[in-house]
Amino acid sequence: MSLPKTLAEDVARNLVMVARLIDEDPEEAYAYARIALRLASRVAAVREAAGFAAYATQKYAEALAEFRAARRMTGSVELWPVMADCERGLGRPEKAMAMAGEPEVQKLDKAGQVEMRLVAAGARRDMGQLDAAIVTLQSPELASNAVHPWTPRLRYAYADALLEAGREDEAREWFGKALEADKDGATDASDRLAELDGVEFVDALDDDEAEPVAADADRDDADEDGES
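The structure displayed is predicted, hence computed values, not measured ones.

## Comments concerning the overall build of the chain
At step 1: When helices and strands are counted, the chain shows 13 helices and zero strands.
At step 2: Starting at the N terminus and ending at the C terminus, the chain contains elements arranged as α-α-α-α-α-α-α-α-α-α-α-α-α.
At step 3: Split into buried and exposed, the 228 residues of the chain put 37% on the buried side.
At step 4: A separation threshold of at least 6 residues defines the contact pool for the chain, and within that pool the share at least 24 residues apart is 49%.
At step 5: Only carbon and sulfur atoms are counted for the fraction: they give 49% of the accessible area of the chain, which is about 13,400 Å².

As structure tokens, this is what we get:
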């Protein structure tokens, strides 16, 4: 709304492309984000989109700078967890842990607080504090039977930490719980369960391609028998 109409439309088109591509082609999304940033760097939504595009391509320093800019413009704390995760990406888990204890966390909604818990647990693991990471994830949200958009990832992170700690039976249970809640396939909990159960997947295409070769060989044998 703060931009002239034609410029606003150009920026909007680029932001739409960022949203469409960020999961499938993050590098291309990043390119569109840079165009939007060049056109309207004083718009908070553009700085936020540029931050997520940089984050998706593991340009954590750039992502953090964009998130900080967006936060200064809006005063919102909703980017706090992803800012902390950028600190992890930059090899500063101690900074991420410090952010987990800041007053901003209390201002987050439930989804944001769960996200901050996931980041804090990841920081603990980065620092080799596996038991502390497991304890960090143990929460009312984890124990609840209610399913929210963040439930599969929370259960998955807990299962993964348990597995790293050598608690395989508990890990299997929580991977199963993650799979039950994961209706959209946000995690690979099913694959992790299969690995724990020793299941190996065979590419059906390879079998289909191999079968005609075997059939041709059988025909060759039959032809040789007929000639003899």
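Let's pick the thread back up.
## Structural notes on the packing of helix H11 (residues 168-181) against helix H12 (residues 189-196)
At step 1: Where H11 meets H12, the closest approach of the two axes is 9 Å, and the angle between their N-to-C directions is 150°. On the basis of the axis angle, H11 is roughly antiparallel to H12. Every pair of crossing elements has a handedness; the one defined by H11 and H12 is left-handed. Contact residues: Glu168, Arg172, Phe175, Gly176, Ala178 and Leu179 in H11; Ala189, Ser190, Arg192, Leu193 and Leu196 in H12.
At step 2: Counted by class, the contact of H11 with H12 contains six nonpolar, two polar and three charged residues.

## With respect to the pattern of salt bridges
At step 1: In total, this model carries 21 salt bridges according to the counting rule given.
At step 2: Measuring nitrogen to oxygen at the nearest pair gives 2.9 Å for the salt bridge that ties glutamate 62 to arginine 34. In this pair, glutamate 62 is assigned in helix H4 (residues 60-74) and arginine 34 in helix H2 (residues 26-39), connecting sequence segments 28 residues apart.
At step 3: Accessibility expressed as a relative area gives 34% for arginine 34, which makes it partly exposed.
At step 4: The salt bridge partner of glutamate 87 is arginine 68, with a shortest N-O separation of 3.4 Å. Of this pair, glutamate 87 sits in helix H5 (residues 80-89) while arginine 68 is found in helix H4, placing the two residues 19 residues apart along the sequence.

## A word on a negative patch on the surface
At step 1: On the surface, Asp23, Glu24, Asp25 and Glu28 cluster together into a patch of negative charge.
At step 2: Secondary-structure assignment places glutamate 24 in the loop between helix H1 (5-21) and H2.

## Focus on the packing of aromatic side chains
At step 1: Under the criterion given, the structure shown has four aromatic pairs.
At step 2: Their ring planes at 70° and their centres at 4.9 Å tell us that phenylalanine 52 and phenylalanine 67 sit as a pair that is edge-to-face. Here phenylalanine 67 lies in helix H4 and phenylalanine 52 lies in helix H3 (residues 44-56), a separation of 15 residues in the sequence.
At step 3: With relative accessibility at 30%, the residue phenylalanine 52 sits in the partly exposed group.
At step 4: Phenylalanine 67 gets classed as buried once you look at its relative accessible area, which sits at 0%.
At step 5: For the ring pair tyrosine 156 and phenylalanine 175, a centre distance of 5.3 Å and an interplane angle of 65° mean the geometry is edge-to-face. Remark: phenylalanine 175 occurs in helix H11 and tyrosine 156 occurs in helix H10 (residues 151-164); sequence separation between them is 19 residues. In this structure, tyrosine 156 and phenylalanine 175 share a single accessibility class: buried.
At step 6: Taking the ring centre of tyrosine 30 as reference, the NZ or CZ of lysine 59 above it sits at 4.3 Å.
At step 7: For the cation-ring pair, lysine 177 lies above tryptophan 174, with the distance from its terminal atom to the ring centre recorded as 4.1 Å.

What counts, and where the lines are drawn
- Residues numbered from 1 in each chain as written.
- Predicted model: local features only at pLDDT ≥ 70, side-chain atom pairs only at ≥ 80, totals over all residues.
- Heavy atoms only, no water.
- Helix = DSSP H or I, 4+ residues; strand = E, 2+ residues; numbered from the N terminus.
- Buried < 20%, exposed > 50% of the residue type's maximum accessible area, 1.4 Å probe, protein only.
- Contact = heavy atoms within 4.5 Å.
- Areas by Shrake-Rupley, 256 points an atom, 1.4 Å probe, with all protein chains shown as cover.
- Axes fitted to C-alpha atoms, helices over the stretch in contact; angles between N-to-C directions.
- Parallel < 35°, antiparallel > 145°, perpendicular 65-115°, else oblique.
- Left-handed = near helix turned anticlockwise from the far one by under 90°.
- Nonpolar A, V, L, I, M, F, W, Y, C, P; charged D, E, K, R; others polar.
- Salt bridge = Lys/Arg side-chain N within 4 Å of Asp/Glu carboxyl O.
- Patch = residues over 30% accessible without salt bridge, like charges linked within 9 Å, V, L, I, M, F, W, Y side chains within 5 Å.
- Lys, Arg positive; Asp, Glu negative; His and termini not counted.
- Charge placed at Lys NZ, Arg CZ, Asp CG, Glu CD.
- Phe/Tyr/Trp six-rings, centres within 6.5 Å; stacked < 30°, edge-to-face > 60°.
- Lys NZ or Arg CZ within 6 Å of the ring centre and 35° of its normal.

Function-wise, these values are silent; they only describe arrangement.
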